[in-house]
Amino acid sequence: MIELEKVDKAYARPGAAPVEALRDVSLGIGRGELIAIVGASGSGKSTLLNVLGLLDVPTRGAYRLDGADVSALDPEAQARLRNERIGFVFQAFRLLPRASALENVELPLLYSDRPRTNGLARAALEGVGLADRVHHRPAELSGGQQQRVAIARALVNGPDLLLADEPTGNLDLRSALEILAIFQRLQADGRTIVVVTHDAAVAAHCGRIARLEVGRIVSDAPVSAPRDAAAALRDLPLDIAAQPAQASQAGREAP
Amino acid sequence: MKTLPLLKGSLRTLAQHKVRSFFVTLGCLVGVAALTWVVAIGRGAERKILTTVRQNVGASAIIVASGGGLMAGGARTDAGRLTADEVQAIADALPAVEIWEPLQTLDEAPVRRGEATALTRVVGSSERGERAWGRGVTRGEWFDAPAVARSARVALIGETTARELFGAEDPVGAEILVGNVPLRVVGVLEPFGTDAHGMDRDAELVVPISTLMRRIMNVDSLAGAKLLVADPDRVEETAVEVRRMLRERHALPPERADDFHLITPAQIERMVGRARAVLFVFLPLVAAVALLAGGAVAASLMLLSVAERRGEIGLRRAVGARARDIALQIVLETAAMTLLGGAAGAALGCAGALAIAGKFGLDVAAPWGAALLGLALSTAIGVAAGAIPARRAAALHPVEALR
Ligand SMILES: Nc1ncnc2c1ncn2[C@@H]1O[C@H](COP(=O)(O)OP(=O)(O)OP(=O)(O)O)[C@@H](O)[C@H]1O
Ligand SMILES: [Mg+2]
């Protein structure tokens, strides 16, 4: 579904050498894959995700979505694609603080050309297990719940590509597992999901892991037996779940 | 994109930034209130002035005032005297003059009737007063020429004075004292109301001009005269003639200024025009300045708002908003603020106009036009003020905005 071919991304800096955030990145992602992009801080993970999400354009190289070169599209057409085909989940949730969960989820529908959007936002919230929180404001929700609202927002327009930048970085183990369980379920539904993480335990739930180092892909391999987040959740003792543990530490202990 | 929910979002943003919205709203409020108020009051005042002028002077009258200088200048020591005889001679010599009416008024005279007293204006008039002023009597009769000739002790009474002296009783036939001159009430004047100077024209007695001059005031010259010209088109040329003849009669050498003063409809129109210029040019200018100030405040506050809400803008771009969707949102928000101010201002202006109108007896029509103009102006200013912040918001790079 996604094809990056020899993509470079350089950030120009006035009066200094440009930062080459991506170098010669070629990457193919098939429909229904759940792929993790890992790498050190500054290795270009977010840059890659922004290119995939049409938020940023590569300096060189081609980006094909279902065979069509989209990096050359005009900004309006790219906005349409972002609205209809791509869902974004950010590390910092990025919910509008004064709007309810429902209104936050409705945001992409505002910019949609679809004639009928009634009930979609509510259904999306139900899909992430927040049917009873629709009128809560972000401040009245836990971190995990806020991130699930953000996921519902990313999914509300029924995109086939979901891009998540450190979606569990701010969450405790249980919340992180809940998010991963949602991703695995979405993958089973045939959606394509790209998760940026520096957390090996999170990556272990994905079917494939690509590693970036200073803007280059240095390894890209399938995971032989991805962990099952739903099963890990069921086995999770309640007291541990209550502690804000690091997903990485606890994740490694999980079977 | 859906404009309605976007507008809802804009309104919510306004509600969130109450202080900020208030200041933007204030400029437009003041501007539109001033505009609406001015137009409403201006229209009412203009109508009032014009009807009063029409009633007092008419479209085809020349007023001759004794004494030189301006109308409001008051009597001067070297003021030429104006006698009834010379005005009569001039009126006789000029066929264009249909009738004339002497002008002499005692501003405040004590009037008694038994125990009841009142202060009232006493106006001298000829037997032609009814025609000359376009104001008749509702009861009794206007005094006739013989009554004027013999300085008859008769009076016509205005409704206010009648009420003060007689209560509900019929004043016609009763005797009153002006100073110590006994007069018989022979008629009740048609109600007039308040004139352009705010004077109650029903607190008035009208007596024969000769009675006023000889018996009450003890003067032998007129304060002025009103000459009615049959053909309105000949008023100005007749005024020129009147001036020439008066100068001749007063034996004024060419280097001397007039010792009388002529007021013609053209002059009055110029005066009303000057008043109108103040109302309709100067005050709307103030309104425009307030509106522009509101617009400037709106623009700068929205720039601040855009800078503050970079993250939100980036998020909207990420979920599919086009640059112009963002621009539209900012413009809507700005226009919503200014429109809100405009609406409040229009309401305030109308309320203020009605309050003033009630106080001064002005006939104020609901200034719908001005209110609508104000709303349109404040919306336009919102759109204009929103343009720069909107452009800046739309130009934000999504990734930069999200950082
Ligand atoms: N707008 C920019 N201008 C200049 N340099 C930039 C810009 N954005 C990113 N960079 C640089 O590009 C490189 C890659 O950044 P990127 O944000 O993709 O890293 P990352 O892998 O997501 O790191 P982290 O794990 O810390 O989020 C970094 O060296 C960063 O400093
Ligand atoms: Mg990053």
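So, here is what we can say about the structure in this document.

So, about the site of ligand 1. Around ligand 1 lies a shell of 13 residues, among which S41(A), G42(A), K45(A), S46(A) and T47(A) are the nearest. Near ligand 1, residues from chains A and B are present, making the site a shared one. Here an oxygen atom of ligand 1 sits 2.8 Å away from a polar atom, N or O, in the main chain of G42(A). In the model, a nitrogen atom of ligand 1 is placed 2.8 Å from a nitrogen or oxygen of the R403(B) side chain.

All names here are of chain B. Taking 1.5 Å of rise per residue, the 28 residues of helix 12 (residues 368–395) would be expected to cover 40 Å, and the 40 Å separating its terminal C-alpha atoms lies within 8% of that figure. The largest bend in helix 12 is about 40 degrees, located at A387, with the proline P389 one to four residues further on. Turning to helix 12, its buried residues are A370, A371, G374, S378, I381, G382, A385, G386, P389, A390, A393 and A394.

Moving on, we come to the environment of G311(B). Within the element layout of this structure, G311(B) appears in helix 10 (residues 310–318). For G311(B), a relative accessible area of 23% corresponds to the partly exposed category. Sequence-wise, G311(B) and R403(B) are 92 residues apart; in three dimensions their C-alpha atoms are separated by 7.4 Å. Beyond its immediate chain neighbours, meaning those up to four positions away, G311(B) contacts R94(A), A401(B) and L402(B).

To continue, consider a nonpolar patch on the surface. Residue and element names in this part refer to chain B. Residues V19, F22, F23, L26, V30 and V297 make up a contiguous nonpolar surface patch of about 520 Å² in total accessible area. No other element matches the five residues that helix 2 (residues 18–56) contributes to the nonpolar patch. You can see V19 is positioned in helix 2.

Residue and element names in this part refer to chain A. For the pair helix 3 (residues 101–110) and helix 5 (residues 143–155), the least separation of the axes is 7 Å and the interaxial angle reads 30 degrees. Relative to helix 5, the element helix 3 is oriented roughly parallel. Here the hand of the crossing between helix 3 and helix 5 comes out right-handed. Contact with helix 3, carried on its side by A101, N104, V105, L107 and P108, involves V149, A152 and R153 of helix 5 and no other residues of that element. Its residues placed into classes, the contact of helix 3 with helix 5 shows six nonpolar, one polar and one charged.

A few words now on the sheet that holds strand 6 (residues 86–89) of chain A. All names here are of chain A. Taken together, six strands build an open sheet; the order of strands is 6-7-8-3-9-10 and the sheet is mixed. Since the sheet does not close on itself, it has two edges, and those belong to strand 6 and strand 10 (216–222), each with one partner. Taking the axes of each pair of neighbouring strands and ignoring which way they run, one obtains an average angle of 15 degrees across the sheet. In terms of strand pairing, strand 9 (residues 208–213) meets strand 10 through six bridges, oriented antiparallel.

For the rest of this paragraph, the subject is the interface of chain B and chain A. Each partner contributes to the interface: chain B provides 24 residues, whereas chain A provides 23 residues. Between chain B and chain A, roughly 2300 Å² of surface is buried when both sides are summed, and carbon and sulfur atoms account for 56% of that area. The tally of links between chain B and chain A comes to six residue pairs in polar contact (both at pLDDT 80 or more). Elements represented by at least two residues in the side of chain B that touches chain A include exactly helix 1 (3–16), helix 10, helix 11 (323–360) and helix 13 (398–402) of chain B. Among the elements that make up the side of chain B that touches chain A, the one with the highest residue count is helix 10 of chain B (six residues). Looking at the side of chain B that touches chain A residue by residue, the classes come out as ten nonpolar, five polar and nine charged.

Once that is clear, we can look at unusual backbone geometry. Note: most peptide bonds trans; most residues except glycine with negative phi. Here F93(A), not a glycine, exhibits a phi torsion of approximately 65 degrees, which is positive. You can see F93(A) is positioned in the loop between strand 6 and helix 3. Even without a glycine there, the phi angle at S151(B) is positive, about 50 degrees. Among the structural elements, S151(B) can be located in the loop between helix 5 (145–149) and strand 5 (154–157).

Cut-offs applied
- Residues numbered from 1 in each chain as written.
- Chains lettered and ligands numbered in written order.
- Predicted model: local features only at pLDDT ≥ 70, side-chain atom pairs only at ≥ 80, totals over all residues.
- Heavy atoms only, no water.
- Near = heavy atom within 4 Å.
- Polar contact = N/O pair within 3.5 Å; in protein donor to acceptor, adjacent residues only side chain to side chain.
- Helix = DSSP H or I, 4+ residues; strand = E, 2+ residues; numbered from the N terminus.
- Expected span 1.5 Å × (residues − 1).
- Bend = angle between axes of the 7 residues up to and from the residue.
- Buried < 20%, exposed > 50% of the residue type's maximum accessible area, 1.4 Å probe, protein only.
- Contact = heavy atoms within 4.5 Å.
- Patch = residues over 30% accessible without salt bridge, like charges linked within 9 Å, V, L, I, M, F, W, Y side chains within 5 Å.
- Areas by Shrake-Rupley, 256 points an atom, 1.4 Å probe, with all protein chains shown as cover.
- Salt bridge = Lys/Arg side-chain N within 4 Å of Asp/Glu carboxyl O.
- Axes fitted to C-alpha atoms, helices over the stretch in contact; angles between N-to-C directions.
- Parallel < 35°, antiparallel > 145°, perpendicular 65-115°, else oblique.
- Left-handed = near helix turned anticlockwise from the far one by under 90°.
- Nonpolar A, V, L, I, M, F, W, Y, C, P; charged D, E, K, R; others polar.
- Pairing = 2+ DSSP bridges.
- Buried area = accessible area lost by both parts, 1.4 Å probe.

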